[in-house]
Amino acid sequence: MKFNTKTIHGGQKPDPAYGAVMPPIYQTSTYVQTTPGGHKGFAYSRSHNPTRQALENAFASLENGAFGLAFGSGMAAIDAVMKILKPGDEVICTNDLYGGTYRLFTKIFEGFGIKFHFVDMQKASNIEGFINEQTKLIWVETPTNPMLNIIDIVAIAKIAKQHIVLLAVDNTFATPYLQQPLDLGADIVMHSATKYLGGHSDLVMGALIVKDKALADQLYFIQNASGAICGPQDAFLALRGIKTLHVRMQRHCENGKAVAEFLNTHPKVEKVYWPGFENHPNHDIAKAQMSGFGGMVSFVAKGNNYDEAIKFVENLKVFTLAESLGGVESLCGHPASMTHASIPKEEREKIGVVDSLIRLSVGIEDEADLIKDLSQALG
Ligand code: PLP
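Given the structure is predicted, the values throughout are model-derived calculations rather than measurements.

Reading the values: the criteria
- Residues numbered from 1 in each chain as written.
- Predicted model: local features only at pLDDT ≥ 70, side-chain atom pairs only at ≥ 80, totals over all residues.
- Heavy atoms only, no water.
- Domains from an automatic or database assignment.
- Contact = heavy atoms within 4.5 Å.
- Buried area = accessible area lost by both parts, 1.4 Å probe.
- Salt bridge = Lys/Arg side-chain N within 4 Å of Asp/Glu carboxyl O.
- Polar contact = N/O pair within 3.5 Å; in protein donor to acceptor, adjacent residues only side chain to side chain.
- Helix = DSSP H or I, 4+ residues; strand = E, 2+ residues; numbered from the N terminus.
- Nonpolar A, V, L, I, M, F, W, Y, C, P; charged D, E, K, R; others polar.
- Buried < 20%, exposed > 50% of the residue type's maximum accessible area, 1.4 Å probe, protein only.
- Pairing = 2+ DSSP bridges.
- Axes fitted to C-alpha atoms, helices over the stretch in contact; angles between N-to-C directions.
- Near = heavy atom within 4 Å.
- Areas by Shrake-Rupley, 256 points an atom, 1.4 Å probe, with all protein chains shown as cover.
- Left-handed = near helix turned anticlockwise from the far one by under 90°.
- Arc of directions from axis to C-beta.

**Student:** What is the right way to read the domain arrangement of the chain from this model?
**Tutor:** A common way to express how large an interface is: the accessible area buried when the components associate. Considered domain by domain, the chain is made up of domain 1 (3–242) and domain 2 (245–378). Measuring from the centre of the C-alpha atoms in domain 1 to the corresponding centre in domain 2 gives 25 Å. Each side of the interface is counted separately: domain 1 has 43 residues, and domain 2 has 43 residues. Summed over both partners, the interface of domain 1 with domain 2 buries about 3400 Å², with 63% contributed by carbon and sulfur atoms. Contact with domain 2 buries area across many residues of domain 1, yet M147, L178 and Y196 alone supply 23% of it, more than any other trio. At the boundary of domain 1 with domain 2, the tally comes to zero salt bridges. Inspection of the domain 1/domain 2 interface yields 18 residue pairs in polar contact (both at pLDDT 80 or more). Secondary-structure elements contributing two or more residues to the side of domain 1 that touches domain 2 are helix 1 (3–9), helix 4 (99–109), helix 5 (153–162), helix 6 (175–178) and helix 8 (232–242). Broken down by class, the residue content of the side of domain 1 that touches domain 2 amounts to 23 nonpolar, 16 polar and four charged.

**Student:** Teacher, can you tell me more about the side chain of H283 here?
**Tutor:** Here H283 shows up in helix 10 (residues 283–289). Residue H283 is classed as buried on the basis of its relative accessible area, which comes to 5%. At a separation of 3.2 Å, a polar atom in the side chain of H283 contacts the main-chain carbonyl oxygen of F277. Those residues in contact with H283, other than ones at most four positions away along the chain, are P275, G276, F277, E278 and F293.

**Student:** How should the sheet that holds strand 8 (residues 269–273) be read in this particular structure?
**Tutor:** Sheet strands pair by backbone hydrogen bonding; their relative direction is either parallel or antiparallel. In spatial order, the strands read 8-9-12-11-10; together these five strands make up an open sheet with mixed pairing. Where the open sheet ends on each side, the last strands, each with one partner, are strand 8 and strand 10 (320–321). Relative to strand 12 (residues 357–361), strand 11 (residues 331–333) runs antiparallel, the two sharing three bridges. Residue pairing in the sheet places L331 in a bridge with S361 of strand 12. Relative to the sheet, helix 11 (residues 306–315) contacts strand 9 (296–301), strand 10, strand 11 and strand 12, its axis offset from that of strand 12 by approximately 25°.

**Student:** How should the pairing of strand 6 (residues 188–192) be read in this particular structure?
**Tutor:** Consecutive side chains along a regular strand alternate between the two faces of the sheet. In terms of burial, strand 6 is largely enclosed, as five of its five residues are buried. Side chains of strand 6 alternate between two faces, with I188, M190 and S192 and V189 and H191 buried alike. The sheet contact formed by strand 5 (residues 166–170) and strand 6 spans three bridges and is parallel. Within the sheet, the bridge partner assigned to A168 lies in strand 6 and is I188. As paired strands, strand 6 and strand 7 (residues 206–210) are joined by five bridges and run antiparallel to one another. By the bridge assignment for strand 7, V189 is matched with I209.

**Student:** In this structure, what is going on with the site of the ligand? I would like to understand it.
**Tutor:** Around the ligand lies a shell of 14 residues, among which G74, D170, S192, T194 and K195 are the nearest. G74 is positioned such that a nitrogen or oxygen atom in its backbone is 2.9 Å from an oxygen atom of the ligand. At 2.6 Å, a side-chain N or O of D170 approaches a nitrogen atom of the ligand. Relative to its unbound accessible area of 390 Å², the ligand is 92% covered by the protein chains. Those elements giving two or more residues to the shell around the ligand turn out to be helix 3 (74–82) and strand 6. Looking at the shell around the ligand residue by residue, the class counts come to five nonpolar, six polar and three charged.

**Student:** Would you explain the sheet that holds strand 6 in this entry?
**Tutor:** Across the sheet, seven strands lie side by side as 1-7-6-5-4-2-3; this open sheet has mixed pairing. Looking at strand neighbours, the two that pair on one side only are strand 1 (67–71) and strand 3 (115–119), the edges of this open sheet. With strand direction ignored, the average angle separating the axes of adjacent strands in the sheet is 20°. Strand direction decides the pairing type here: strand 4 (residues 135–141) and strand 5, joined by five bridges, are parallel. When the sheet's bridge partners are listed, L137 is paired in strand 5 with L166. Along the sheet, helix 7 (residues 213–226) contacts strand 1, strand 5, strand 6 and strand 7; its crossing angle with strand 1, the most-contacted strand, is approximately 20°.

**Student:** Please explain the packing of helix 2 (residues 50–62) against helix 8 as it appears in this structure.
**Tutor:** The packing of two helices is summarised by the inter-axis angle and the distance between the axes. At a closest axis distance of 8 Å, the pairing of helix 2 and helix 8 adopts a crossing angle of 35°. Helix 2 and helix 8 meet at a crossing whose hand is left-handed. Mapping the contact onto sequence places T51, R52, A54, L55, A58, F59 and L62 in helix 2 and P232, A235, F236, A238, L239 and I242 in helix 8. For the contact of helix 2 with helix 8, the class distribution of residues is 11 nonpolar, one polar and one charged.

**Student:** Can you walk me through the environment of G333 in this structure?
**Tutor:** With respect to the helices and strands, G333 occurs in strand 11. We classify G333 as buried; its relative accessible area is 9%. Remark: the alpha-carbon pair of G333 and E323, spanning 10 residues in sequence, is separated by 6.2 Å. Ignoring any residue separated from it by four or fewer positions in sequence, one finds G333 in contact with L321, A322, M338, L357, I358 and R359.

**Student:** Which parts of the structure should I look at to understand helix 11?
**Tutor:** In an α-helix, one turn spans 3.6 residues, which is why side chains three or four residues apart end up on the same side. Those residues of helix 11 not exposed but buried are A309, F312 and V313. Down the axis of helix 11, the buried set is contained in an arc of 90°. They therefore lie on one face. Counted as exposed and oriented over 90 degrees from the buried face of helix 11: D307 and E314. On its buried face, helix 11 sits against strand 9, strand 10, strand 11, strand 12 and helix 13 (367–378). Its side-chain oxygen 2.8 Å from the backbone nitrogen of D307, N305 forms the N-cap of helix 11.

Below, the structure is given as structure tokens:
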């Protein structure tokens, strides 16, 4: 099945009870048993729920995986992966990570005796010096949030395989429409489904997708034991959102390109970060591993002035100043004071998250309105 068909039919079949084409919202915590253990595969909704299961099958199908797991948030999905580890284990991760991921690693899992190495992975071989007997996991985010660096998944996967280390990729920004990490050698794909998969800014959810049965069993055990599942109503909304993923992503990519090109020639703009530019440092890798460049664009205004950046985001009228990304509506954020505020200023600035950096999640509105809005706010 081709991707555009999978978004609509992947892992889906009409509901066996009444033939409903859309999976019903099984809003139930429990299921009848005719005798202890005598049920139809569903005993308790933390363990299994038909609506969630339909979504988990859809996740697996989209990423060319064999098993999908749905969580109550992207962070809950990352937390589940980290629970595979034991005290003394080490993780090598991208240095330019979503702030919440950085916070989970450094403020929670470091306290449990897990060591994290934050490494610039734009050159894959940079990770080699950090691999030792204790290394159990490599955590990659690509494109990175908010600098839009691209990490070569194939090259990192090759090193991970050589050293028998698991490779997990946060595929939130790219979505499976643009990039399929399992096919590139990753063991685990993670999503904040809150973003493009859900696509309508109406839910908070996480996803994990794997090919390997033993790894799936381990993650399912953690999902069930820790219980950070999503509810059936949100599972239904995500299933509905996924049905238009391909159409939305196509427009996100077109509008992202138009916005990046507009900003790139604007006299008040110092630098635009968008992997579609030929002079982007990782453009060739982006071209090789992604089928488009996405709808995320970051930029820095001339002068790097904090107050000017705040004034700019306050002046936008079509772009909404808000946390999050990946919805149909255009959003804008100021990472230094919002998504990345949990990263110390010196650390932030080392990776380019300066005071005037603005991150845009370019939506699927009319391109002309978006450019007019940016133009008036810059003015
Ligand atoms: N990963 C990335 C790249 C994100 O942007 C986010 C949230 O912004 C997360 C993970 C966390 O996901 P959630 O907010 O659904 O917990």
